[in-house]
Amino acid sequence: MKIATMEWRGRRGIGIVDAEAATVRPVLASGGAAGGEWSGRTLRERIEAGEPLSALLDCLGAPLPLAEVRLLAPIPEPRRNILCIGKNYRAHAEEFARSGFDTTGAPPGAAAPERPIVFTKATTTVIGPGDAILPHLGLTAQMDYEIELAVIIGRRGRGIAPADAYAHVWGYTIVNDITARDLQRDHQQWFLGKSLDTFCPMGPWAVTADEIDPGNTALRCYINGELRQEGNTRLFLFDIPALISCLSAGITLLPGDLIATGTPAGVGAGFVPPRFLRPGDEIRSVIDGIGEMTHRVAAG
Ligand code: MG
């Protein structure tokens, strides 16, 4: 099931997107005739409440053309920072080590980490499909893109064993882990360069866990129509059970938490010379089985 967060004619709510991604049916406050009030309960609130999805199907309004609604990030206001994994594909770890922007201490010849690298992005980074990405001119001159599969946690847990990990997953969405490489390099840690406002495009909607095989899903990122990143989650250095086990070892994972699972090779910093984003550039982020979203870097 594909669940969108959206606005339409002054209303804001969630809706179920049809299989062809042509229409979306809003979730109403109660079962009944089409045209009823939209429910104000957010996707995050429903996940936190452990609400069964069948409850949504009982309260659907008439389908709206998807082109007429404004999609928002599926979880526009996460309860806490987005958990992120660095260098989780070998080819990306190698391109990043070569780039000179990685100042976090990977020794030469050991680009791939032995354990997951974890950082976070501030909640205020999140924007929805089509929203402008701010270039933060004067603060960064080296803005980069990173297509990533994001896990949405459904069940609270600490000390989650890998074998139990998928039972804690509610579903998935797409994020693009926009990064200011100069800040990442110069401050010798990742939070600052990853957390500028608008640096976490998310969408176009959330899909429930049954919609994709998270161990074999293709992802691609296009800049101005040119394919820059093409990867598959089967190439993860640390798979989703390993990540959930690592993160939850001493930190309770909460319903609605987001885990960005890392990006494949092809980021701008990996080219010689680097190919960073500029004002006006268009970023298209695609993951098979989820969908795609497009963003543009604003002029200033
Ligand atoms: Mg990333």
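Residues numbered from 1 in each chain as written. Predicted model: local features only at pLDDT ≥ 70, side-chain atom pairs only at ≥ 80, totals over all residues. Heavy atoms only, no water.

**As for the overall build of the protein chain**
Stage number 1. Within the protein chain, the regular secondary structure consists of 6 helices and 19 strands.
Stage number 2. In summary, the protein chain has a C-alpha radius of gyration of 19 Å against a globular reference of 19 Å for 300 residues, a match within 12%.
Stage number 3. Taken along the three principal axes of its C-alpha coordinates, the protein chain extends 65 × 45 × 30 Å.
Stage number 4. Split into buried and exposed, the 300 residues of the protein chain put 55% on the buried side. (Helix = DSSP H or I, 4+ residues; strand = E, 2+ residues; numbered from the N terminus. Rg over C-alpha atoms; globule rule 2.2 N^0.38 Å. Buried < 20%, exposed > 50% of the residue type's maximum accessible area, 1.4 Å probe, protein only.)

**Let's talk about the coordination of the magnesium ion**
A metal bound by six donors in octahedral fashion has ideal angles of 90 or 180 degrees, whereas one bound by four tetrahedral donors has an ideal angle of 109.5 degrees.
Stage number 1. Bound to the magnesium ion on the protein side are E146 (OE), E148 (OE) and D177 (OD), at distances that span 1.9 to 2.1 Å.
Stage number 2. Sequence spacing of the donors to the magnesium ion: E-x1-E-x28-D. With E146 in the loop between strand 10 (143-144) and strand 11 (147-153) and D177 in the loop between strand 12 (169-176) and strand 13 (179-180), this residue pair connects regions lying 31 residues apart in the sequence. Each of the two residues, E146 as well as D177, counts as buried. (Donors = N, O, S within 2.8 Å, 3.2 Å for Na, K, Ca; no water.)

**What to know about the state of the cysteines**
Stage number 1. If you walk through the whole model with that rule in mind, you get 0 disulfides.
Stage number 2. Free of any disulfide, C84 has its nearest cysteine sulfur in C200, 6.8 Å distant.
Stage number 3. Here C84 falls in the buried class, since its relative accessible area comes to 0%.
Stage number 4. Unpaired in terms of disulfides, C246 finds its nearest cysteine sulfur in C84, a separation of 13 Å.
Stage number 5. Residue C246 is classed as partly exposed on the basis of its relative accessible area, which comes to 34%. (Disulfide = S-S within 2.5 Å.)

**Things to note about the sheet that holds strand 18 (residues 282-287)**
Stage number 1. One open sheet holds the 5 strands; their spatial order is 9-19-18-15-16, and the pairing between them is mixed. If you trace the sheet from one side to the other, it starts and ends with strand 9 (132-133) and strand 16 (226-232), each paired once.
Stage number 2. Pairing between strand 9 and strand 19 (residues 291-297): 2 bridges, direction parallel. Within strand 19, the residue paired with I133 across the bridge is V297. (Pairing = 2+ DSSP bridges.)

**Overview of helix 3 (residues 90-99)**
Stage number 1. Looking only at helix 3, the buried set comprises H92, A93, E95 and F96. Projection of helix 3 onto a plane perpendicular to its axis shows the buried side chains occupying an angular sector of 165°, all on one side.
Stage number 2. Against the buried residues of helix 3 lie helix 4 (181-186).
Stage number 3. Taken from the residues just after helix 3, G100 is the one with a positive phi, measuring 90°. (Arc of directions from axis to C-beta. Contact = heavy atoms within 4.5 Å.)

**Some thoughts on the packing of aromatic side chains**
Stage number 1. Counted by the stated rule, this structure contains 5 aromatic pairs.
Stage number 2. Centroid distance F96 to W190: 6.0 Å. Interplanar angle 80°. Geometry classified as edge-to-face. Remark: W190 occurs in the loop between helix 4 and helix 5 (191-194) and F96 occurs in helix 3; sequence separation between them is 94 residues.
Stage number 3. Under the relative-accessibility criterion, F96 is labelled buried at 2%.
Stage number 4. A relative accessible area of 7% means that W190 is categorised as buried. (Phe/Tyr/Trp six-rings, centres within 6.5 Å; stacked < 30°, edge-to-face > 60°.)

**So, helix 6 (residues 240-248)**
An α-helical turn contains 3.6 residues, so a residue and the one three or four places further along point in the same direction.
Stage number 1. Burial runs high along helix 6: 7 of the 9 residues are buried.
Stage number 2. Of all the residues in helix 6, the buried ones are I240, P241, L243, I244, S245, L247 and S248.
Stage number 3. Where the residues of helix 6 are buried, they touch strand 6 (82-86), strand 7 (117-121), strand 11, strand 12 and strand 17 (258-260).
Stage number 4. Measuring from the backbone nitrogen of A242 back to the side-chain oxygen at the start of helix 6 gives 2.9 Å, which picks out D239 as the cap. (Polar contact = N/O pair within 3.5 Å; in protein donor to acceptor, adjacent residues only side chain to side chain.)

**Topic: the environment of V272**
Stage number 1. By secondary structure assignment, the location of V272 is in the loop between strand 17 and strand 18.
Stage number 2. Owing to a relative accessible area of 84%, V272 belongs among the exposed residues under this scheme.
Stage number 3. Each C-alpha atom, one on V272 and one on S99, is 8.2 Å from the other, the two residues being 173 residues apart in sequence.

**Re unusual backbone geometry**
Stage number 1. Cis geometry is found at the peptide bond from G203 to P204, where omega equals -5°.
Stage number 2. Relative to the helices and strands, P204 is located in strand 14 (residues 200-208).
Stage number 3. That bond from V272 to P273 is cis: its omega, -5°, falls within 30 degrees of zero.
Stage number 4. Relative to the assigned elements, P273 resides in the loop between strand 17 and strand 18.

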